[in-house]
Amino acid sequence: MDTPLINDLNICVATENGSGSASSNNILFKAIFKMGIPCSSKNMFPSNIQGLPTWYQIRACADGYMSRKDVIDVMVMFNEATAAKDIYRVRDGGIILYDDSTPLQASLKRDGVQYVGFPANKLVSKLVPASPLRAKQRNMVYVGALAYLFGIDMAVIKAVLEDTFGKKPAVIESNLVCIDAGYQYCKEQGVKQNIARLEPIPGGNQGKIITEGNTAAALGAIYGGASVICWYPITPSSSLAESMEYYLPRLRKQIDGKKTYAIVQAEDEIASAGMIVGAGWAGARSMTSTSGPGVSLMNESIGLAYYAEIPCVFFIIQRGGPSTGLPTRTQQADISLMYGASHGDTRHIILIPHDMNSCFDLARQSFNYADRFQTPVFVAMDLDLGMNMWSSEPLKLNQETYDQGKRLSAQDLEDWTKAGKKFRRYFDQDGDGIPYRTVPGNQNRMASYFTRGSGHDADARYSEDEHDYKYILDRLRKKFDTSRKFVPKPIVEKEKGVKTGIICYGSSYEPVREARDRLKTRGLKTNHMLIRALPLTSEVMDFLAEHDTVYLVEQNRDAQMAAIIKDENPLLGAKITSILVYNGLPVSAGEVVKQIFDAAQTAKTA
């Protein structure tokens, strides 16, 4: 019999959406984390409310890899509707857990895997009175079975239950009874397996937290000074605004009993965009959270904010498209949409987090970028980053120093007047493309100006003069180019002499990190660059120039980031070979490795 792997295991739980499995899956995940084992989770859930299949994967990995594992080691088969396919999702030599309260159909048996049956329905029927709760607590039985099979300490599970339901001792006890029933049944039956073992890592995960990107970004926005939040619910961004509703009353002090912030659930995306543009014009740090379809509806307001030069922040949690597409699956397919949002000639700053701390940090910094450059700023995340649970280093919850950019006070205008200078709202005083601005409430009589989305000149006067129009557009482009010097630079990892590079961004970082290690063991050393923002900085072109072959990993069909790079430098962009994953599932390292070797083989035979 093979020696079991230690702390290297991928468990997939197949259930129906709405069956109550979320609680049991979270308890299982948190118990593994509490044992000190690095772990991550991926929730593949349907877009309807109840009834369709859902798969929840938990990866325990002592090496600390956080991406979706290529293979499923253990399948908890608790959904009859998908069972015929689920038995073939498990790798050869893997394990299938199932409820044997009724005999397993012959069609659901396959060779090459180990079946572990336990009577979940019968056990829970004895333990839980007839009620809707019984069906949900059936899921707790598989938690116990898995705990026995792979060595999860029941004391750890109890601690997780107490953390989760601390003020509800009856709930703790009822869940623990069902979990223990699954554990004891497998123990009494002498069930054995030899594929993997979970063992505590002393000091492992010490100081680390479990969180979602949406929660981290919400906290970052709060620490970045967001004071007006207007949003309309849409998967997968809703939990970002909901987190702000939860944390703002706890973190933002009130003045004279009054809130120092406003959260508005608008009637639609168009209204929420209009509200934050108005709030940004008035001087507030304003934001919304949405996804691709929401951006489509917000385009007119985005264009107004760009042309009238009004700061505001758009958090975009990307999902599968086009149209409604796959609203509960992940993708990076709205980069082009954000980069050129609205009609006419527009270019926008995009900040691109890749882990929990960058979700926090870039969310926090986004408001400074919006104020400094007087423009809409996009924070581009995706469902995998935003809604899945990740183990992470603690968020550094330090307050951001507010940078209001070229914002003139009444005293500033008084000093300008004495110096013989004139406030011209849309004039480039300093040669960087960024004008000076005032906000309502400035009592200096020189502070006022007209804000319009139609043609205007440098003094904010209505104009359809072709020279005025071209001047404004050219200055907006200069301002955008100035931002290249200030947006977050890429993170580059390289060794001398290595001529193959890999570029990625966002949630593709984790699978690429693991893929690079696999490629190295197979004889291919690579350098790496993580893009963290648009517009592109000089480091991107430098990286391309230093390498003979560059693979760019992104989660869309049309190689959107590669197209942006090629548009800016066709010669260097020609070095790029695109590695594209767009099936809606979180990227795995195996997919990256396979595509790179396939592309290399094609290049050799071409």
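Quick caveat: nothing in here was measured; it's all calculated off a predicted structure.

### A few points about the environment of Asp567
So, step 1. Following the sequence through the fold, Asp567 ends up in helix α18 (residues 560–568).
So, step 2. For the pair Asp567 and Tyr247, spaced 320 residues apart in sequence, the C-alpha separation works out to 42 Å.

### Observations concerning helix α16 (residues 509–521)
In an α-helix, one full turn covers 3.6 residues, which means residues spaced three or four apart are oriented alike.
So, step 1. For α16, with 13 residues, the first-to-last C-alpha span of 19 Å sits near the 18 Å given by 1.5 Å per residue.
So, step 2. Just beyond α16, the residue with positive phi is Gly523, at close to 95°.

### Let's talk about the side chain of Asn444
So, step 1. As for its placement among the helices and strands, Asn444 is situated in the loop between α14 (410–418) and α15 (466–483).
So, step 2. One polar contact links the side chain of Asn444 to the main-chain carbonyl oxygen of Ala410, over a distance of 3.4 Å.
So, step 3. Here the side chain of Asn444 touches Met446 through a polar contact of 2.8 Å, landing on its backbone nitrogen.
So, step 4. In this structure, Asn444 is in contact with Ala410, Leu413 and Glu414, ignoring residues within four places of it in sequence.

### Here we look at the sheet that holds strand β20 (residues 533–534)
So, step 1. With mixed pairing, 7 strands are arranged side by side in an open sheet as β11-β10-β12-β13-β15-β14-β20. Each end of this open sheet is capped by a strand with a single partner; those strands are β11 (262–265) and β20.
So, step 2. Across 7 bridges, strand β13 (residues 312–318) lies against strand β15 (residues 376–382) in parallel orientation. From the neighbouring strand, Ile317 faces β15, where its bridge partner is Met381.
So, step 3. Helix α10 (residues 292–308) rests against β12 (286–290), β13 and β15 of the sheet, and its axis sits at about 160° to β13.

### Quick notes on the state of the cysteines
So, step 1. With the rule as written, the count across this model stands at 0 disulfides.
So, step 2. As a non-bridged cysteine, Cys39 has Cys61 as the owner of its nearest cysteine sulfur, 10 Å distant.
So, step 3. For the unlinked cysteine Cys178, the closest cysteine sulfur is that of Cys186, found at 14 Å.
So, step 4. Looking at Cys178, the relative accessible area reads 0%, which means it is buried.

### Examining the side chain of Gln318
So, step 1. By the secondary structure assignment, Gln318 is in strand β13.
So, step 2. Here the side chain of Gln318 touches Ala333 through a polar contact of 3.3 Å, landing on its backbone nitrogen.

### Considering the nonpolar core
So, step 1. Counting 55 residues, the largest nonpolar core has Leu97, Phe150 and Ile157 as the members making the most contacts within it.
So, step 2. Among the elements that take part in this core, helix α4 (residues 132–150) stands out by supplying 9 residues, more than any other.
So, step 3. Beyond its immediate chain neighbours, meaning those up to four positions away, Phe150 contacts Leu9, Val74, Ile95, Gln193, Ile195, Ala196, Arg197 and Leu198.
So, step 4. Formed by 51 residues, the second largest nonpolar core is a distinct cluster that contains Ala273, Tyr306, Met541 and Leu572.

### Examining the sheet that holds strand β21 (residues 549–554)
So, step 1. With respect to topology, 5 strands assemble into an open sheet ordered β17-β19-β18-β21-β22, the strand pairing being mixed. In this open sheet, the two strands that pair with only one neighbour each are β17 (491–493) and β22 (576–580). Looking at each pair of strands side by side, their axes are set apart by 20° on average, direction ignored.
So, step 2. Relative to strand β19 (residues 527–531), strand β18 (residues 500–505) is paired through 5 bridges, and the arrangement is parallel.

### Regarding the pattern of salt bridges
So, step 1. Summed over all chains, the structure comprises 34 salt bridges.
So, step 2. The residue Lys34 makes a salt bridge to Asp163 at a minimum N-O spacing of 3.0 Å. In this pair, Lys34 is assigned in helix α1 (residues 21–34) and Asp163 in helix α5 (residues 154–164), connecting sequence segments 129 residues apart.
So, step 3. Between Glu546 and Lys494 there is a salt bridge; the shortest N-O distance is 3.0 Å. Remark: Lys494 occurs in the loop between β17 and β18 and Glu546 occurs in helix α17 (residues 538–546); sequence separation between them is 52 residues.
So, step 4. Given the relative accessible area of 33%, Glu546 is considered partly exposed.
So, step 5. Connected through shared salt-bridge partners, Asp8, Lys69, Asp73 and Arg91 make up one network.

What counts, and where the lines are drawn
Here the residue numbers are simple positions, counted from 1 along each chain's written sequence. It should be noted that, the model being predicted, local features are given only for residues of pLDDT at least 70 and side-chain atom pairs only at 80 or more, the latter also being counted only at that level, while totals for whole chains, interfaces and linings use all residues. Just so you know, side-chain values use all the structure's heavy atoms and leave hydrogens and water out. A helix here means a DSSP run of H or I that spans at least four residues, while a strand means a run of E at least two residues long, and both kinds are numbered starting from the N terminus. By this rule, a helix spans an expected 1.5 Å times one less than how many residues it contains. In the analysis that follows, any N or O atom pair within 3.5 Å is treated as a polar contact, provided that within protein one partner can donate a hydrogen and the other can accept it, and provided that, for residues neighboring in sequence, both atoms belong to side chains. A contact between two residues is defined here by any heavy atoms of the two lying within 4.5 Å. Two strands pair under a simple rule: DSSP has to find at least two bridges between them. Interaxial angles span 0 to 180 degrees and are taken between N-to-C directions of axes, which are lines fitted to C-alpha atoms, for helices over the stretch in contact. Cysteine sulfur pairs qualify as disulfides if the two atoms are within 2.5 Å. Burial classification: accessible surface area is computed with a 1.4 Å probe over protein chains only, and a residue below 20% of its type maximum counts as buried, one above 50% as exposed, and the rest as partly exposed. We call a set of buried Ala, Val, Leu, Ile, Met, Phe, Trp, Tyr and Cys residues a nonpolar core when their side-chain atoms join them within 4.5 Å. Take a side-chain nitrogen of Lys or Arg and a carboxyl oxygen of Asp or Glu: if they are within 4 Å of each other, that pair is a salt bridge.

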